[in-house]
Amino acid sequence: MKSLFRNSLFCLFTACLTAACNENTVYHSYQSLPDNGWGKSDTLSFFVPITDSLPPTLRLFAEVRNRTDYPYQDLHLFISQNLQDSTVWRTDTIAIHLTDSTGRWFGKGWGSVYQSETFIRSVRPLHPGNYTFKVVSGMKDDVLQGINDVGIRISR
């Protein structure tokens with residue numbers, strides 16, 4: 001448990017340092033999941049302020065930190081966002097491949113925690129405002145084990 005906490009802190013520090021050094025990052029945030037698992041009906045919400053008077057085209061990414069006890073090779077997510085029009089929701093089904101066919105973990109790892117990301121899409125908001133991303137597990141499990149954090153990154 002102590003090494004898991006240390007590994008999680010290291011990954012968080014690395015992600016924050018990387019985001020802080022990248023001037024193209026518009027938004028970057030993670031939400032931690034409970035140790036007992038991610039419930040099928042649990043929705044993660046990310047609130048994203050876009051302040052540019054003429055918002056540029058943005059690149060959207062989903063990020064995940066998983067433990068080596070995660071039982072599958074991939075993770076399916078339903079990601080809803082209202083970036084193009086605050087009254088219209090668009091939902092994407094995303095598959096993040098976490099291992100190869102032999103079970104070797106992709107992404108950056110330290111100890112028993114690995115961090116992966118996948119591109120969602122490019123989108124251009126029509127105007128500045130406060131927007132929302134909602135992330136729900138697309139896996140069949142009622143309670144999904146082995147996922148530490150789920151994040152959203154937006155860059156220019």
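Each value, and the rule that gives it
Residues numbered from 1 in each chain as written. Predicted model: local features only at pLDDT ≥ 70, side-chain atom pairs only at ≥ 80, totals over all residues. Heavy atoms only, no water. Salt bridge = Lys/Arg side-chain N within 4 Å of Asp/Glu carboxyl O. Helix = DSSP H or I, 4+ residues; strand = E, 2+ residues; numbered from the N terminus. Buried < 20%, exposed > 50% of the residue type's maximum accessible area, 1.4 Å probe, protein only. Pairing = 2+ DSSP bridges. Polar contact = N/O pair within 3.5 Å; in protein donor to acceptor, adjacent residues only side chain to side chain.

- Going by an unreviewed UniProt entry, the chain carries the name Gliding motility lipoprotein GldH and comes from Bacteroides zhangwenhongii.

What about the pattern of salt bridges?
- Scanning the entire structure with this criterion turns up 7 salt bridges.
- For Asp149, the salt bridge is made with Arg65, and the minimal N-O distance between the two is 3.6 Å. Taken together, the residues span a long stretch of sequence, with Asp149 in strand S11 (residues 147-155) and Arg65 in strand S4 (residues 58-67) at a distance of 84 residues.

So, the pairing of strand S3 (residues 44-50)
- With burial as the criterion, only one face of S3 is covered, namely that bearing Leu44, Phe46, Val48 and Ile50; the residues Ser45, Phe47 and Pro49 on the opposite face remain uncovered.
- Pairing of S3 with strand S9 (residues 129-137) involves 7 bridges; the strand directions are antiparallel. Paired with Val48 across the strands is Tyr131, a residue of S9.

Looking at the environment of Tyr30
- Residue position: Tyr30 is located in strand S1 (residues 25-32).
- Note on Tyr30: relative accessible area 16%, which makes it buried.
- Remark: the alpha-carbon pair of Tyr30 and Arg153, spanning 123 residues in sequence, is separated by 8.7 Å.
- In this structure the side chain of Tyr30 is engaged in a polar contact, spanning 2.9 Å, whose partner is the side chain of Glu63.
- Side chain to side chain, Tyr30 and Gln115 meet in a polar contact 3.3 Å long.

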